[in-house]
Amino acid sequence: MTDTSLIDTSPQGSTRRSWTFTIGAIVVGLHLVIGLSTLFWTPYDPTAMSGGRLEMPSLAHVAGTDRLGRDLFTLIMIGSRIALIVGTGAIVIGGLIGIAIGLLAAFASRTLDDMLAAGLDILIAFPTLLLAMLIVASSDGASLWTAIVAIGIANSAIVARLTRILAKRVLRMDYITASRISGTSWIGVVAIHILPNIWPTLLVNLALQFGLAVIAEASLSYLGLGTPPPNASWGRLLQEAQGTVYTAPLGAIAPGIALVSLVIGVNLLADGLRDIADPTRRRRR
Amino acid sequence: MKGAAILSYLLRRLAILMVSILIAAMVLFLLLRLLPGDPANALVSVGADPEQIEAARKQVGSDLPLSEQFVGFVSSLLRFDLGNSFISQAPVLPEIGKRLAVTVPLTLMAFLLAVVIAVPLGIIAAVKSDRWYGSVISVISQLGIAVPVFWIGILLVTVFAVNLRIFPSGGFPSRGWQRPEAAFESLALPISTIAIVMSASLIRYVRSATQDVLGSDYLRTARALGASFSEALIRHGIRNGSVPVISILGIELASTLLGAVVVERVFSLPGLGSMLLLGIEQRDYPNVQGVLFVSTLLVLLVGFAADLAQRLIDPRLRDRTVGTDR
């Protein structure tokens, strides 16, 4: 759905860039701190009725309470942790599988390469969400891990395609031939020449995949295919809040803001990383 | 000569379409069988004895070897038969047809609305990138891709159904399109939801296509020959810029069609997506398989149409008889 190559933009150049990186780092850092802190401390017990049902925000409950009287801010904080786990898990899985397949395709014979490329195109055309839905639905009982694995696998196709293209570009270089002649093994070529050359672009892409993974998991949870509370993701909170939107609209808004802020934060970070990784882009246009 | 080129292209593209449909059917079939769990499980209760399970497997055909199952699947496809639901025993195809009457208008109208919003805004964002409103459009379209579609839906419900009470928060009239105004009313928010998300990403493509046009030699030449800026942009820019945009439109339309599942849940619409979701929850394999097959088919057809449209617009592609499709 989203193409990563077009995110970038305007002509203002490097000042705007360092700015995107900083803001992105602050937002993501904040989520990281909040997410990690929930391992030790939360304002209230996430499973306990700490207030009345659907209370409006107050000093005691900054974001109010949900329909079971649980503190919404506590649940949103836990959502940060879940989102970070999902994003990280999905890009680790997607990255490892994707890079491996991409490299294999880049080195493979013409026929195998064509087959892999066609297979990847089909997988990419199949929406992440549907693939994840099928995997989650077929494994008995939806859990956070099935969702992460499903999203990771779906993302791996995109990573693989990118790795393949980037690696092929590097492989055409004269220094690869020189390196091979001087006796470097294929594994050596990958380690010494290919990975160092392609990682900046891959990293930026993975950062964007992180945001997409968070959205995909939230959508799965929204559809009722994610983990139930107290370890619920923002998607589940939003789904529960939709039923009470007439009396307590905030519950349907706050978790969404948390989600969007994390995704935007990661996207800004990716945008900033792109420049750090590739200085030539700064002077384009 | 030109006509022949088009014809040969058309035939070749049709052949590719047929092969893709066959491959899609195969992939789908395998994917559903590779997943853990026997389809027969939907029919038996927990703790059923082995004979009951065996009987259920026989009933759904999962006791046959995979190859036989596949031959059966393809031959019934050729007879436009997608089987019967495990749960309701109703034939799958007519049910899908009923649901397409919601999903297709929803997707198409959202798509048209998105194009109407995105094309002018994308062009403005590129042409007026030095003005504040140009930048605002770019920033908003970038924010748009970070927002999950279901949240936009919930926000629209909160504003337009809860606070303003202009539109219903969900549901679809049981008499469907017999009362078009009621149907339109209930589709208003879902359509806007999809259109907002879709236009956010479309704006970025239109903007980047316009930027390419702005930097092109032909535009400069046209200006040098005395055409005004807008004249040059309209006469030469639109046709050139639309080629890459159309292929993106095809992909966007396809992903919206498949992505409608979430939006249909937000607004409790009886469309293809909710049929799929229900099928997954109930382990109703024929329904799941049928929905996925029909939607894949639609996606392939959309891709086919987008390719043809590109050929018609771009003579460089049109006159090429050999070569790949991209």
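Counting starts from 1 at the beginning of each chain's written sequence and moves along it residue by residue. In the order they appear in the text, chains get letters beginning with A and ligands get numbers beginning with 1. Reporting of local features is limited, given that this is a predicted model, to residues whose pLDDT is at least 70; pairs of side-chain atoms are given and counted only at 80 or more, and all residues count toward the totals for whole chains, interfaces and linings.

A.B. asks: Outline the overall build of chain B, listing residues and values.
C.D. replies: Every helix listed is a DSSP run of H or I at least four residues long, and every strand listed is a run of E at least two residues long, numbered separately from the N terminus. Regarding its fold elements, chain B presents 12 helices and 0 strands. If you line up chain B on its principal axes, its C-alpha atoms span 85 × 60 × 35 Å. Neighbour counting defines burial: a residue surrounded by 20 or more other C-beta atoms within 10 Å of its own C-beta is buried, one with 12 or fewer is exposed, and intermediate counts give partly exposed, using backbone-placed C-beta atoms. In chain B, which comprises 326 residues, the share counted as buried stands at 37%. Throughout, a pair of residues is in contact if the C-beta atoms placed from their backbones lie within 7 Å. Long-range contacts, defined here as pairs at least 24 residues apart, represent 69% of the contacts in chain B between residues at least 6 apart.

A.B. asks: Please provide a residue-by-residue account of the overall build of chain A, values included.
C.D. replies: Assigned secondary structure in chain A consists of 9 helices and 0 strands. Along its sequence from the N terminus, chain A presents helices and strands in the succession α-α-α-α-α-α-α-α-α. Counting over 285 residues, chain A shows a buried share of 46%.

A.B. asks: Give a description of helix H6 (residues 174–181) of chain A that names residues and reports values.
C.D. replies: Buried residues are scarce in H6(A), accounting for 0 of its 8 residues. Following H6(A) by one or two positions, Gly183(A) has its phi on the positive side, about 95 degrees.

A.B. asks: Got a sec to walk through the nonpolar core? Specific residues and values, please.
C.D. replies: To count as a nonpolar core, a set of buried Ala, Val, Leu, Ile, Met, Phe, Trp, Tyr and Cys residues must be joined through C-beta atoms within 7 Å. Ranked by internal contacts, the top residues of the largest apolar core, which has 144 residues, are Ala132(A) and Val214(A). Look past the residues within four positions of Ala132(A) in its chain and what remains in contact with it is Ala147(A), Ala150(A), Ile151(A), Ala154(A), Ala216(A) and Leu220(A).

A.B. asks: Quick rundown of unusual backbone geometry? Include the residues and the values.
C.D. replies: Residue and element names in this part refer to chain B. A positive phi angle is found at Gln89, which is not glycine, with a value near 65 degrees. Structurally, the position occupied by Gln89 is in the loop between helix H3 (66–78) and helix H4 (92–127). Here Ser268, not a glycine, exhibits a phi torsion of approximately 35 degrees, which is positive.

A.B. asks: Can you explain the packing of helix H2 (residues 72–107) of chain A against helix H5 (residues 144–171) of chain A? Please cite residues and give values.
C.D. replies: All names here are of chain A. Interaxial angle, 0 to 180 degrees, is taken between N-to-C directions of lines fitted to C-alpha atoms, where a helix line uses only the stretch in contact. Two numbers describe how H2 lies on H5: the axes approach to 5 Å, and their chain directions differ by 40 degrees. As far as their axial angle goes, H5 and H2 are oblique. Crossing of H2 over H5 shows right-handed handedness. Class assignment of the residues belonging to the contact of H2 with H5 gives a composition of 21 nonpolar, 9 polar and 3 charged. Angles below 35 degrees are treated as roughly parallel, those above 145 as roughly antiparallel, those between 65 and 115 as roughly perpendicular, and all remaining angles as oblique. A crossing counts as left-handed when the near helix is turned anticlockwise from the far one by less than a right angle, and as right-handed when that turn is clockwise. Any residue that is not Ala, Val, Leu, Ile, Met, Phe, Trp, Tyr, Cys, Pro, Asp, Glu, Lys or Arg is counted as polar, Gly included; the first ten are nonpolar and the last four charged.

A.B. asks: Now, about the environment of Ser274(B): what can you tell me, with residues and values included?
C.D. replies: Residue position: Ser274(B) is located in helix H10 (residues 272–281). Here Ser274(B) is in contact with Glu264(B), Arg265(B) and Leu269(B), once residues within four sequence places are set aside.

A.B. asks: Explain the confidence of the model for chain B residue by residue, including any values.
C.D. replies: All names here are of chain B. pLDDT is a per-residue confidence score from the predictor, ranging from 0 to 100. Counting all residues, the mean pLDDT for chain B is 81, and 91% of those residues have values of 70 or more. Mean pLDDT across the elements of chain B bottoms out in helix H12 (residues 315–318) (66) and peaks in H4 (90). Within the model, pLDDT remains below 50 along residues 321–326, and this stretch shows 4 contacts once partners closer than five positions in the same chain are excluded. Our summary of model confidence lists the complex with pTM equal to 0.81 and ipTM equal to 0.81.

A.B. asks: Outline the packing of H10(B) against helix H11 (residues 285–313) of chain B, listing residues and values.
C.D. replies: All names here are of chain B. The interhelical angle for the contact between H10 and H11, taken along N-to-C directions, is 145 degrees, at an axis separation of 8 Å. Crossing geometry of H10 relative to H11 is assigned as left-handed. Here Leu272, Met275, Leu276, Gly279 and Ile280 of H10 lie close against H11, whose contacting residues are Asn287, Val288, Val291 and Ser295. Split by residue class, the contact of H10 with H11 holds 6 nonpolar, 3 polar and no charged.

A.B. asks: Explain the environment of Ile251(B) to me, using residue names and the numbers behind them.
C.D. replies: Examined against the element boundaries, Ile251(B) turns out to sit in helix H9 (residues 229–266). Considered as a pair, Ile251(B) and Val127(B) are 124 residues apart in the sequence and their alpha carbons are 25 Å apart.

A.B. asks: Describe the confidence of the model for chain A, and please don't skip the residues or the numbers.
C.D. replies: Residues and elements named next belong to chain A. On average, residues of chain A carry a pLDDT of 80, and 84% of them reach 70 or more. Of all helices and strands in chain A, the one with the weakest mean pLDDT is helix H4 (residues 128–138) (73), whereas H2 scores best (91). In this model, residues 1–13 is a region of pLDDT below 50 whose contacts with residues beyond four sequence positions or in other chains number 22 contacts.

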